[in-house]
Amino acid sequence: MKLAFYSLTSCEGCLTTLITKLGPDIEGLWNNFDIDYFKLVREPVGGSKFPKADIAFVEGAVVTNLDREHLQEIRKNSRFVVAIGTCASTGNIAYTASRNIKLGKKALSVLEVREAEPLSSVIALDYELNGCPVNADEFVDGLLRLVNGLEPIQPDFSVCYQCKLAGNACLLDKKQVCLGPIAMGGCDAACTSVGSPCLACRGPYIEADLKAYFKTLENKGLKVEDAKPLLQMFMGKKIKEVLKE
Amino acid sequence: MAKLSWQEILGLIQELRKRGFQVVGPSSEGGVVKLVPLEDETKLETDYVRTLNSPKDFLLPDKERLFRYKSTATITSYGLKIRFPTVEGPCPITIVPEYSPPIGKLAFFGIHPCMANSIKYLDKVMLSDPADPYYKARRDGLFIAVLECAEGDEYCLCKSVGSDKVPKGYADLSIRKEGDDFIVKASSPMGSSLLMEESVEEIEEPSPKMKEEYVIDATDEKTIETKDPTTLLEGCTLCSSCTVVCPTCYCSDIQDRFSLMDPSNVERVRMRMSCQRRSYSSIAGNVLFLKTKNDRFKWRMKHKFPFSEKMYGMSGCVGCGNCIAFCPSRIDFRSFLGRRVA
Ligand code: SF4
Ligand code: SF4
Ligand code: SF4
Ligand code: SF4
Ligand code: SF4
């Protein structure tokens, strides 16, 4: 089975995480699959910049014209395209930032920068694995599910679920705005377990209910206005979907 | 009966540990009281109302390995064809389960009566025929020292559901705080051997005082079905906290985990599930039975009350109030199923 790992505009943190966090599994990845391209690790095999692959994993947001062209080529040459990380799944920080920065027409044409988009705005995407950076365990799970002919599953719970399993006192009670109730879980409540509010770095939870969340904040005597800027941070394009509901 | 000082109480815990028990009790940590393994340095908490976790977290862990099996899985390059790993040969029946080795027998020290009731409920569920061997391995030889509860907080409702007293056989010791001292009674042979007393005593505990009293009586299936919880659930984000902190929620999901290192080595694990989660009621073909939060809340209520009564002859709610106190939106089911009387 052939795999390829691509990178669009990003910090390359997701691919780095896979290399550093897979532990002994990295050997399994190398021995059991044909890896025909891995940005940072292996140049494309066989001459083409976009080798034919069973599964292409793509990190990063679509920001430049080149990103757009590359992504379309990747789509043509891969059976499955899987977005890895929040840049690829929501557009992440770049999504809002690129809409707030005022760049002149000239600067834009020189940099060939456009408003950042998640992969799903440009191509028909098969699956998404979220996280800033992506979670190595979820990656392994997703890959093995695909190999088994099953769809990778996204966590169907919010951060609160694992936050409670971890036995944390709720930060909302300490008058801190925490996005946990609408944030996609699966991170083992990494931030709230050390006392920092969740910023939803994995994007919105699949059943995120913004109205109920705002009501929760009101019930706790917190201001909805204080949550709004936080919602813009990582949720990128997906905040629109959440707002619609 | 014995009157023990704080030091002597700690002595009892040490003695239990000497006898090979893993002693679990309440301790204050990061602003909440939790049941934790009591080590030499852990400070036992005896002035508390609720614990965020409950005995179930020790009897039914969030994630446990049931067994491993070999599959013929290989990952080969088939061009664009995907090869499925398959399981060959006689499967699970011949597999010897791998119980997680008990670290010692378990002892709960200083839990309240509602939690003793929750163990009784879990026993009914997990030990009814056929008994769950994993649960049973942890449950066997369990020691329970109950700390009487003088007064609950505004979320407690043990009295309304009849679990304000320790059920028979669910306390080896019963402890009452009296000033700086503790009145300890042995109510089982194991308890009296620990107290070094001959006799076993009947415990007559007082019922804890309730801050708010409720009559919970609208608990039959039909009534729950016809009520509309929309307004009550306005702030419910379906976060599932209510079922995580509930001492009697036992739902689980079973998954097979393949490893990248050796795809033929498969691990079957049991993980916590919640009826508030989407996957609880979704089946093949993208069919979802419990679609809305109203559906899921009603399901939780039905399981706690009429279904549990029918299946186990006991309320599935032991009145600890955890699902209210730890809900980020403080969603309170009490007035949905009854009314406040004081
Ligand atoms: S601290 Fe945040 S994530 Fe944790 S329970 Fe509270 S709202 Fe949810
Ligand atoms: S707690 Fe929130 S911000 Fe932190 S890792 Fe998890 S999803 Fe990301
Ligand atoms: S804890 Fe509260 S907000 Fe979360 S699912 Fe339960 S009732 Fe809803
Ligand atoms: S339903 Fe609520 S009050 Fe009843 S046992 Fe569970 S957490 Fe406690
Ligand atoms: S069905 Fe829901 S309420 Fe009942 S035990 Fe399972 S998670 Fe808890």
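None of these values were measured; they are calculated from a predicted model.

Before we go on, may I ask you to explain the overall build of chain B in this structure?
The helix and strand inventory of chain B stands at 11 helices and 14 strands. Out of the 342 residues in chain B, the part that is buried amounts to 53%. Across chain B, the fraction of contacts at a sequence separation of at least 24, relative to all contacts at a separation of at least 6, is 70%. As displayed, chain B offers around 15,700 Å² of accessible surface, 53% of which is attributable to carbon and sulfur atoms.

What exactly am I supposed to notice about the interface of chain B and chain A here?
Note: interface size is frequently given as the accessible area lost on complex formation between the parts. Taken together, the contacts link 46 residues of chain B with 47 residues of chain A. At the surface where chain B touches chain A, the tally comes to 7 salt bridges. For the salt bridge of R296(B) with E207(A), the shortest nitrogen-to-oxygen distance reads 2.7 Å. Contributions of two or more residues to the side of chain B that touches chain A are made by β3 (32-37), α8 (241-244), β10 (252-258) and α9 (293-312) of chain B.

Any chance you could explain the site of ligand 5 here in plain terms?
Taken together, T243(B), C249(B), Y250(B), C251(B), S274(B), C275(B), Y280(B), W299(B), R300(B), H303(B) and K304(B) make up all the residues around ligand 5. In terms of residue count, the dominant contributor to the shell around ligand 5 is α9(B) (4 residues).

Even after reading the chapter, I still don't get the domain arrangement of chain A, so can you show me in this structure?
Residues and elements named next belong to chain A. Taken as a whole, chain A is organised into domain 1 (2-147) and domain 2 (159-244). Contacts between the two partners involve 16 residues from domain 1, matched on the other side by 13 residues from domain 2. Note on domain 1 versus domain 2: buried area summed over both sides is about 1,200 Å², and carbon and sulfur give 47% of it. Run the count over domain 1 and domain 2 and you get 3 salt bridges. A salt bridge links K237 to E117; its shortest N-O distance comes to 4.0 Å. Between domain 1 and domain 2 we count 9 residue pairs in polar contact (both at pLDDT 80 or more) in total. Among the secondary structure elements, those contributing two or more residues to the side of domain 1 that touches domain 2 are α4 (86-90) and α5 (92-100). Among the elements that line the side of domain 1 that touches domain 2, the one with the most residues is α5, at 4 residues.

Looking at this model, I keep getting lost on the side chain of K298(B). Mind explaining?
Residue and element names in this part refer to chain B. Within the secondary structure, K298 sits in helix α9. K298 gets classed as buried once you look at its relative accessible area, which sits at 12%. At a separation of 2.8 Å, a polar atom in the side chain of K298 contacts the main-chain carbonyl oxygen of E225. A distance of 3.0 Å separates a polar atom in the side chain of K298 from the backbone oxygen of K227.

When you look at the packing of helix α9 (residues 210-219) of chain A against helix α10 (residues 224-235) of chain A in this model, what are you seeing that I'm missing?
Any two packed helices are characterised by the angle at which their axes cross and by the distance between the axes. Residue and element names in this part refer to chain A. Between α9 and α10, the least distance of the axes is 10 Å, while the angle of their chain directions is 135 degrees. As far as their axial angle goes, α10 and α9 are oblique. Taken as a pair, α9 and α10 cross one another with a handedness that is right-handed. Facing α9, whose interface residues are L210, Y213, F214, L217 and E218, α10 presents V224, A227, K228 and L231.

Help me understand the pattern of salt bridges in this model?
A side chain with one charge may pair with a side chain of the opposite charge, provided their charged atoms come close. In total, this model carries 41 salt bridges over all chains according to the counting rule given. In this structure, E115(A) and R99(A) form a salt bridge, with 3.9 Å as the shortest nitrogen-oxygen distance. Here R99(A) lies in helix α5 and E115(A) lies in strand β6 (residues 113-117), a separation of 16 residues in the sequence. A relative accessible area of 24% means that R99(A) is categorised as partly exposed. Among the salt bridges present, the one from R270(B) reaches D132(B), with a minimum N-O distance of 2.8 Å. One end of the pair, R270(B), is in strand β11 (residues 265-272); the other, D132(B), is in the loop between α3 (113-127) and α4 (133-139), and 138 residues separate them in sequence. Residue R270(B) is classed as buried on the basis of its relative accessible area of 11%. Overall, the relative accessible area of 12% leaves D132(B) in the buried class. Through salt bridges with shared partners, a single network forms among R99(A), E115(A), E117(A) and K237(A).

Just checking my understanding: could you explain a nonpolar patch on the surface for this structure?
All names here are of chain A. A grouping of I19, W30, L40 and V41 is seen on the molecular surface, where their side chains present a nonpolar patch of about 330 Å² in accessible area. Here W30 is to be found in helix α2 (residues 25-32). Classification of W30 by relative accessible area gives partly exposed; the value is 32%.

Whenever I open this one, the nonpolar core confuses me. Can you help?
Across soluble globular proteins, you tend to see nonpolar side chains buried next to one another. Counting 48 residues, the largest nonpolar core has Y213(A), L231(A), M301(B), F305(B), F333(B) and L337(B) as the members making the most contacts within it. Mapped onto this core, the elements with two or more residues apiece are α8 (159-165), α9, α10 and α11 (238-244) of chain A together with β9 (214-216), α9, α10 (322-325) and α11 (334-337) of chain B. In this structure F333(B) touches L157(B), F297(B), M301(B), F305(B), C317(B), C323(B) and I324(B), once residues within four positions along its chain are discounted. Counting 28 residues, the second-largest nonpolar core is a separate cluster that includes M115(B), I144(B), Y170(B) and A171(B).

Would you mind showing me how to read the packing of aromatic side chains here?
Residues and elements named next belong to chain B. Per the counting criterion, the structure on display carries 18 aromatic pairs over all chains. Cation over ring: K105 sits above F21, and NZ or CZ is 4.6 Å from the ring centre. The ring of F336 has K227 lying over it, and the distance from NZ or CZ to the ring centre is 5.4 Å.

So what exactly am I meant to see when it comes to the environment of F305(B) here?
Residues and elements named next belong to chain B. Structurally, F305 is set in helix α9. Separated by 81 residues in the primary sequence, F305 and I224 place their C-alpha atoms 9.8 Å from one another. Those residues in contact with F305 that sit more than four places away from it in its chain are V161, I216, T219, S315, C317, F333 and L337.

Can you walk me through helix α1 (residues 6-18) of chain B in this structure?
Helical geometry note: an α-helix holds 3.6 residues per turn, so side chains three or four residues apart project in the same direction. Taking 1.5 Å per residue, 13 residues should reach 18 Å; α1(B) reaches 19 Å between its end C-alpha atoms and fits that length. Downstream of α1(B) by a residue or two, G20(B) has a phi angle that is positive, lying close to 95 degrees.

For this particular structure, what's the right way to read the sheet that holds β10(B)?
Sheet strands pair via backbone hydrogen bonds, and the direction of the pair is either parallel or antiparallel. All names here are of chain B. Sheet architecture is open: 3 strands sit in the order β4-β11-β10, paired in antiparallel fashion. With partners counted over all chains shown, the strands left at the sheet margins are β4 (63-70) and β10, one partner each. Between one strand and the next, the sheet's axes are offset by a mean angle of 25 degrees, whatever the strand orientation. Bridge count between β10 and β11: 7 bridges; the pairing is antiparallel. Among the inter-strand pairings, Q255 is bridged to a residue of β11, identified as V269.

Calculation rules
Residues numbered from 1 in each chain as written. Chains lettered and ligands numbered in written order. Predicted model: local features only at pLDDT ≥ 70, side-chain atom pairs only at ≥ 80, totals over all residues. Heavy atoms only, no water. Helix = DSSP H or I, 4+ residues; strand = E, 2+ residues; numbered from the N terminus. Buried < 20%, exposed > 50% of the residue type's maximum accessible area, 1.4 Å probe, protein only. Contact = heavy atoms within 4.5 Å. Areas by Shrake-Rupley, 256 points an atom, 1.4 Å probe, with all protein chains shown as cover. Salt bridge = Lys/Arg side-chain N within 4 Å of Asp/Glu carboxyl O. Near = heavy atom within 4 Å. Domains from an automatic or database assignment. Buried area = accessible area lost by both parts, 1.4 Å probe. Polar contact = N/O pair within 3.5 Å; in protein donor to acceptor, adjacent residues only side chain to side chain. Axes fitted to C-alpha atoms, helices over the stretch in contact; angles between N-to-C directions. Parallel < 35°, antiparallel > 145°, perpendicular 65-115°, else oblique. Left-handed = near helix turned anticlockwise from the far one by under 90°. Patch = residues over 30% accessible without salt bridge, like charges linked within 9 Å, V, L, I, M, F, W, Y side chains within 5 Å. Core = buried A, V, L, I, M, F, W, Y, C linked by side-chain atoms within 4.5 Å. Phe/Tyr/Trp six-rings, centres within 6.5 Å; stacked < 30°, edge-to-face > 60°. Lys NZ or Arg CZ within 6 Å of the ring centre and 35° of its normal. Expected span 1.5 Å × (residues − 1). Pairing = 2+ DSSP bridges.

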